[in-house]
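What follows is each chain in one-letter form.
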Amino acid sequence: MTKEGRPNNPLYSAFAYDDAFRTMETECDDILIPFVNYIFGESYDEHAQIRRMRNEHFWEHQDHSDQKRITDAHFTITQDGISKSYHMECESQDYDGTVLVRFFEYDAQIAIADSAGVANALKVRIPHGGLLLLGDSSKVKSDVLEVIIETPEESMSYHIKVIRIGDFSIDSIFEKKLYMLIPFYIFNYKMELDDIDADADRIAALADLYKGIINRLDAEQESGRLSSKSHGVIIRLTHKVIYKIMEKYNNAREKVGDVMGGEVLDLPEIRAYNEGKAEGRAEGKAEGQAERDALEAENERLKQEIERLRAASV
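Residues numbered from 1 in each chain as written. Predicted model: local features only at pLDDT ≥ 70, side-chain atom pairs only at ≥ 80, totals over all residues. Heavy atoms only, no water.

Peer 1: Is there a simple way to explain the pattern of salt bridges in this structure?
Peer 2: When charged atoms on two side chains of opposite charge get close, those side chains can pair. Tallied over the entire structure, the rule returns twelve salt bridges. For Lys84, the salt bridge goes to Glu42, with nearest N and O atoms at 3.0 Å. Here Lys84, found in strand β5 (residues 82-91), pairs with Glu42, found in the loop between α2 (29-40) and β1 (49-52); they are 42 residues apart in sequence, far enough to count as distant. One salt bridge connects Lys244 with Glu247, and the closest N-O pair in it is separated by 3.3 Å. The burial state of Lys244 is the same as that of Glu247; both residues are buried. (Salt bridge = Lys/Arg side-chain N within 4 Å of Asp/Glu carboxyl O. Helix = DSSP H or I, 4+ residues; strand = E, 2+ residues; numbered from the N terminus. Buried < 20%, exposed > 50% of the residue type's maximum accessible area, 1.4 Å probe, protein only.)

Structure below.
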């Protein structure tokens, strides 16, 4: 354990939740498409073209200082000649409304970056917005949030679609192909972790749940509904999120973490890496032995040469 009490493990990340969402959005087209389809009612298929957009923007404060803001996901999808821009965020804290301020700041910067204008007009376009809530969302009473903009002429508003991890079971996640939710499913147990950590039976039940998830992910990959890359990414990120959320719960973390951790180590790309290291060590040993053999042969040759010279001088 570190001085701060965190597990001394390279898989631990203080930003595990944001990193998990951003990694899946960036690396895994086949799980991003059904996620977007579900939230925004789209019907994109494997022919859809995804273009990742710049997600770093700078917000200038009144004192003229700049603050860098990073969106969790900003991308465009094009199909049949129609392109749409999307901005999505993953909120791990309990909802308190402040995320709407961040959304507007991000959206305004995105709109400015994509703006078009002529001498007497400027046209900006707000992206489609989506928010995944992982924490307590009891203050959100509908499936949309609203940003209202007052202008001198009129009021206008735009909506941000909302989904809550608590609304989904594992069955519904797989039925709807919402694989991007799997790393965050542990949030449904967040309020119970104190009790789970003290109950061996509940720990075992949670470990069995994740064994079942792994089996279903394997089946999705084997059927072709999930790419090998996304299969590996989901398992690795699920492990990281579990490790983060259970950092105070040693009993549950060890049991459930072992389930996911063992699977991470057995992933093809991890196996290939480890096998490569083993082969490298074997090759290194062979090379080292060859060098030793050559050195011994050279020493023997020198010894014989010395003996020959001695005999000739007598």
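Peer 1: How should I be thinking about the packing of aromatic side chains in this particular structure?
Peer 2: Aromatic ring pairs are described here by two measures, namely the spacing of the ring centres and the angle between the planes. Using the criterion set out here, one finds eight aromatic pairs in the structure. Note on Phe21 and Phe35: the rings are 6.3 Å apart at their centroids and 70° apart in plane angle, and the pair reads as edge-to-face. One end of the pair, Phe21, is in helix α1 (residues 16-27); the other, Phe35, is in helix α2, and 14 residues separate them in sequence. A relative accessible area of 1% places Phe21 in the buried class. With a centroid separation of 6.1 Å and an interplanar angle of 65°, the aromatic rings of Tyr185 and Tyr189 are classed as edge-to-face. Linked through ring pairs, Phe40, Tyr44, Phe75 and Tyr86 together constitute an aromatic cluster. The residue whose ring lies beneath Arg253 is Tyr243, and the NZ or CZ to ring-centre distance is 5.5 Å. (Phe/Tyr/Trp six-rings, centres within 6.5 Å; stacked < 30°, edge-to-face > 60°. Lys NZ or Arg CZ within 6 Å of the ring centre and 35° of its normal.)

Peer 1: What is the right way to read the sheet that holds β1 from this model?
Peer 2: Strand pairing in a sheet relies on backbone hydrogen bonds. The paired strands run either parallel or antiparallel. The strand order across the open sheet formed by six strands is β1-β4-β5-β8-β10-β9, and the pairing between neighbours is mixed. Taken across any chain shown, the strands that pair with only one partner, and hence form the sheet edges, are β1 and β9 (144-150). For this sheet, the mean angle separating the axes of adjacent strands, direction not counted, is 30°. For β5 and strand β8 (residues 128-133), the ladder comprises six bridges, and the chain directions are parallel. Bridged to Glu89 within β8 is Leu131. (Pairing = 2+ DSSP bridges. Axes fitted to C-alpha atoms, helices over the stretch in contact; angles between N-to-C directions.)

Peer 1: What should I look at first to understand the environment of Asp107 in this one?
Peer 2: Mapped onto the elements, Asp107 comes out in helix α3 (residues 98-113). For Asp107, a relative accessible area of 1% puts it in the buried group. Taking the C-alpha atoms as reference, Asp107 lies 8.5 Å from Gly129; in sequence the two are 22 residues apart. Setting aside chain neighbours within four positions, we find Asp107 in contact with His87, Ile126, Pro127 and Tyr158. (Contact = heavy atoms within 4.5 Å.)

Peer 1: Hey, could you run me through the pairing of strand β4 (residues 73-79) in this one?
Peer 2: With six of seven residues buried, β4 lies mostly within the body of the structure. In the sheet, β1 pairs with β4 via four bridges, with the strands oriented antiparallel. Of the residues in β4, the one forming a bridge with Arg51 is Thr76. Bridge count between β4 and β5: seven bridges; the pairing is antiparallel. For Thr78, the partnering residue across the bridge sits in β5 and is Ser83. Hairpin remark: β4 followed by β5, antiparallel, with two residues in the connecting loop; positive phi at Asp80, about 55°.

Peer 1: Hey, could you run me through unusual backbone geometry in this one?
Peer 2: For residues other than glycine, phi is negative in most cases, and the peptide bonds are mostly trans. If you check the backbone angles, Asp80 has positive phi at about 55° while not being a glycine. Within the secondary structure, Asp80 is located in the loop between β4 and β5. Exposure remark for Asp80: the relative accessible area of 74% places this residue in the exposed category. Although it is not a glycine, Lys177 adopts a positive phi angle of roughly 60°. Its location among the elements puts Lys177 in the loop between α4 (170-175) and α5 (193-197). Lys177 gets classed as partly exposed once you look at its relative accessible area, which sits at 35%.

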